[in-house]
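So you can see what is in the structure, the chains are spelled out below.
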Amino acid sequence: MNILHVITHGGWAGSESIAASIANEQAARGDDVTVILRRHSSFKDKDILSRFLPSVNIFWVEQNETHPDNQMKNLMRNMSFIRMVSDIEIFHVHLPYGCLLGKRIKEELSLNFKICVTMHVRFHPLYYFADSLFTVAEWQNQEVPQDYIGQVYTIENFICNDDSLNEKELAVIKKKFYINNENKYLIYIGRLDLVKGADVLIRAFNKVNPVGYKLIVVGDGSESASLKKIASANVIFTGKIFNASYLMTLADICIIPSRFESFGLVLLEAINAGCRIIATDIPSFKEILKDDDYLFCNEDVNDLADKITSYISNPSLGLVDKSNIDKYSLTNAISKLDNAYFSADL
């Protein structure tokens, strides 16, 4: 099969890791796989390229080319891209603007590939251009409008394993931020913006001020400066760390305070690492955990503070059976994708 993945949000986070893992698995089994990426000043090209197998064809658009019309001008100047895209069967988009890019390319070159989109966040009007829509959790199906006429499939996200991470990298982080065995640690991994809820966590942690515990905050974002202003001396800000899930091994408790998540990749990674779990009571987390004992009321600082206190008082609280996440695997995702691709009237 000839598949093109469009990953043009810029930067690198959960949805990009998922898309890269799918592209690599498809290429490894012999599919012709191409990826369109958008450059971002926060990441070196070589670091992004290292996430892909050599057999995956890569085309770049520039960081300032945010709109598909500008991306089109770039791509249409590249004869190698035009030759490649003429053979595409599946145009698999990750996030909305790629749908418009696919529509523009089909019209410009009179092609007949199928546009499929993974709904990593919420339904977007540009998804009406897609022949098939892939939700990443069952709860998302209720958000698909009734007038969407394409086919809808649920293809859950999964843990993106990275065997390149090692003890040396972990040791560097521990030394840099004075992380030692004298304390226990809570950890947060994610963007520092309002959606991710790090402000709720920091206020709750300050309120509890637990003896012998520190909070590690991994990530960067628009709220970074304001969060540092409200944080106590026991909060460690590491900044952005590429593929930071290996830091879960440092923590006793992982807290995911998101106001909204379509899925919850960090939650899967925390369960897999053996962390105790505290998370908001949003639909995506409920679908994975299937038990309210791990949850606190969304945006409720006092409820989260009470949950942290109870966990510290009782070390048996918060452990999740890893069998809960067995179905969230790359193998299952690829199998479901194959069924969805082949059902698209190719």
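Since we're looking at a predicted model, the values are computed, not measured.

Draft legend 1. A look at the state of the cysteines. Evaluated as defined, the whole model comprises zero disulfides. Here C116 is not cross-linked by a disulfide; its sulfur's nearest cysteine counterpart is in C99, at 9.5 Å. Between C160, a free cysteine, and C254, which holds the nearest cysteine sulfur, the sulfur-to-sulfur gap is 16 Å.

Draft legend 2. Structural context of the pattern of salt bridges. A full pass over the atoms with the stated rule returns 14 salt bridges. The salt bridge involving E156 is made with K336; its shortest N-O contact spans 2.7 Å. Pair noted here: E156 is in the loop between strand 7 (151-154) and helix 6 (167-176) and K336 is in helix 12 (residues 330-342), with a separation of 180 residues, a long-range link. Here E156 falls in the buried class, since its relative accessible area comes to 7%. Look at K336 and you get partly exposed, because its relative accessible area is 34%.

Draft legend 3. Looking closely at the side chain of Q26. Relative to the helices and strands, Q26 resides in helix 1 (residues 14-28). In this structure Q26 comes out as buried when scored by relative accessible area, which is 0%. When sequence neighbours within four positions are dropped, the list of residues in contact with Q26 reads I3, H5, D31, V33, I334, L337 and Y341.

Cut-offs and rules
Residues numbered from 1 in each chain as written. Predicted model: local features only at pLDDT ≥ 70, side-chain atom pairs only at ≥ 80, totals over all residues. Heavy atoms only, no water. Disulfide = S-S within 2.5 Å. Salt bridge = Lys/Arg side-chain N within 4 Å of Asp/Glu carboxyl O. Helix = DSSP H or I, 4+ residues; strand = E, 2+ residues; numbered from the N terminus. Buried < 20%, exposed > 50% of the residue type's maximum accessible area, 1.4 Å probe, protein only. Contact = heavy atoms within 4.5 Å.

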